[in-house]
Amino acid sequence: MAMCTNLMQGQASEWALLRRHSSEDLFGVQICGAFPDTVARTIELVDNECSFDFVDINMGCPIDLVVNKGAGSSLLNKPMRIKSIVQASSAVTKRPLTVKVRTAFFEGRNRADSLVSDIYDWGASAITIHGRSRQQRYSKNADWDYINQCAQKAPDDLHVIGNGDIFSFTDWNRHVSGSSKISTCMIARGALVKPWIFTEIKEQRDWDITSGERLNILKEFTRFGLEHWGSDTKGVETTRHFLLEWLGYTCRYIPVGLLDVVPQQLNWRPPSYCGRDDLETLMASDSAADWVRISELLLGKVPEGFTFAPKHKSNSYDRAENG
């Protein structure tokens, strides 16, 4: 997700979010803004500068920094603003325009179903519905019954994409087959915790992946990072930073071979457990100090005085914790 104002100001870090890798045969860019003119001007600019197949407008982000600027999920309180943004945006691009929303801003005041009947006429080709309100953030389970209700109200030409808590091929199958009006499903956190979920869906199996296979995925990630940022000190430490943020998600995975009930559910709180080897145990740790140790297996020792505070977790690594 790239912020419109940052793109308009030419921030290099924001434009980097829209860069397409040569391996991506289908690629969309997601932008976030609060006002019709800002969003439309940004889409015009991105249309001229970037290679992509569709553009998505985020109207579901729950982060305070975004909401307080009138963007993201705060737009769910302003349906006429949504209409103006979609109409203005669809008028400046020939590429498919999609919209991402939550069920509502406040819990118990669902709003998405009132959008699906009109948003196609405003210019959107698809709408993705995350089955939680902004107030919920990521608590409780996603409301797939409500997503299905929204899909039933959608015109035939509007693609409705369901989103929330998909963490296995059985989750995928259940939601895709649960309603003839749902075109497909979006996978978000599930792909951060176990990126091989797409292999599981394709092959229709629960993959009892080994710690060595998981380490190979991390090796590939670091290789891509060093190719992109360089293998000098700055490149290594930038790669390490993103790797450590990611390890804050991957530690939530519980190996299939250790589960009493298969498949694991995304909102389960992983218990402390010993893995089938030392590396699997290390990968299960929710301690940032252990994430740093994993990074050292791949990128070498951290510099003197190194500190790390995860963006999404109140758990930090510093010299005191590391002894």
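What counts and what doesn't
Residues numbered from 1 in each chain as written. Predicted model: local features only at pLDDT ≥ 70, side-chain atom pairs only at ≥ 80, totals over all residues. Heavy atoms only, no water. UniProt positions renumbered as here; feature names shortened; annotations may be inferred. Helix = DSSP H or I, 4+ residues; strand = E, 2+ residues; numbered from the N terminus. Expected span 1.5 Å × (residues − 1). Buried < 20%, exposed > 50% of the residue type's maximum accessible area, 1.4 Å probe, protein only. Arc of directions from axis to C-beta. Contact = heavy atoms within 4.5 Å. Phe/Tyr/Trp six-rings, centres within 6.5 Å; stacked < 30°, edge-to-face > 60°. Lys NZ or Arg CZ within 6 Å of the ring centre and 35° of its normal. Core = buried A, V, L, I, M, F, W, Y, C linked by side-chain atoms within 4.5 Å. Pairing = 2+ DSSP bridges. Axes fitted to C-alpha atoms, helices over the stretch in contact; angles between N-to-C directions.

- Where an unreviewed UniProt entry is consulted, the protein appears under the name tRNA-dihydrouridine(47) synthase [NAD(P)(+)], with the organism given as Aegilops tauschii subsp. strangulata.
- The Cofactor (unreviewed entry) comment attached to the protein in UniProt states, word for word, "FMN".

### A short note on helix 5 (residues 79-90)
Okay, so step 1: For helix 5, with twelve residues, the first-to-last C-alpha span of 17 Å sits near the 16 Å given by 1.5 Å per residue.
Okay, so step 2: Of the residues making up helix 5, those classed as buried are Ile82, Ile85, Val86 and Ser89. Viewed end-on, helix 5 has its buried residues packed into an arc of 95°, placing them on one side of the element.
Okay, so step 3: In the core, the buried residues of helix 5 are packed alongside helix 3 (36-49), strand 3 (54-59), strand 4 (97-102), helix 6 (113-116) and helix 7 (119-122).

### With respect to the packing of aromatic side chains
Okay, so step 1: Here the structure, examined in full by the defined rule, presents four aromatic pairs.
Okay, so step 2: Aromatic pair Phe105 and Phe106: ring centres 4.8 Å apart, planes at 75°, arrangement edge-to-face.
Okay, so step 3: Under the relative-accessibility criterion, Phe105 is labelled buried at 11%.
Okay, so step 4: Centre to centre, the rings of Trp196 and Tyr253 are 5.0 Å apart; their planes meet at 90°, and the pair counts as edge-to-face. Separated by 57 residues along the polypeptide, Trp196 in the loop between helix 10 (189-193) and helix 11 (197-203) and Tyr253 in the loop between helix 13 (233-250) and helix 14 (278-283) bring together distant segments of the chain.
Okay, so step 5: Lying across the ring of Phe106, Arg109 places its NZ or CZ 5.1 Å from the centre.

### Considerations on helix 9 (residues 169-178)
Okay, so step 1: Taken as a whole, helix 9 has its buried residues at Phe169, Asp171, Trp172 and His175. One face of helix 9 carries all of its buried residues, which in axial projection span an arc of 155°. Residues of helix 9 that are exposed and point more than 90 degrees away from the buried face comprise Ser177 and Gly178.
Okay, so step 2: Buried residues belonging to helix 9 abut helix 8 (144-153), strand 7 (182-186) and helix 11.

### Some words on the environment of Phe242
Okay, so step 1: With respect to the helices and strands, the residue Phe242 is situated in helix 13.
Okay, so step 2: Distance from Phe242 to Met186, taken between C-alpha atoms, is 23 Å for residues 56 residues apart in sequence.
Okay, so step 3: If near-sequence neighbours (up to four positions away) are discounted, Phe242 is found in contact with Phe221 and Trp229.

### Side note on the nonpolar core
A general tendency of soluble globular proteins is for nonpolar side chains to be buried together.
Okay, so step 1: Met59, Val86, Val101 and Ile129 are the most contacted members of the largest nonpolar core, which totals 50 residues.
Okay, so step 2: Ranked by the residues each element gives to this core, the list is headed by helix 8, at five residues.
Okay, so step 3: Not counting residues within four places of it along the chain, the set of residues in contact with Ile129 comprises Val101, Ala112, Val116, Ile147, Cys150, Val160, Ile161, Gly162 and Asn163.
Okay, so step 4: In this structure, Leu215, Tyr249, Met283 and Ala288 belong to the second largest nonpolar core, which totals 28 residues.

### A closer look at the sheet that holds strand 3
Okay, so step 1: An order of 1-2-3-4-5-6-7 is seen for the seven strands of this open sheet, with the pairing classed as parallel. The sheet is open, and its two edges are formed by strand 1 (2-3) and strand 7, each paired on a single side.
Okay, so step 2: Bridge count for strand 6 (residues 159-163) against strand 7 is four bridges, and the pairing is parallel. Note that in strand 7 the partner of Gly162 across the bridge is Cys185.
Okay, so step 3: Across the face of the sheet, helix 3 comes into contact with strand 2 (28-32), strand 3 and strand 4 while running at roughly 150° to strand 2.

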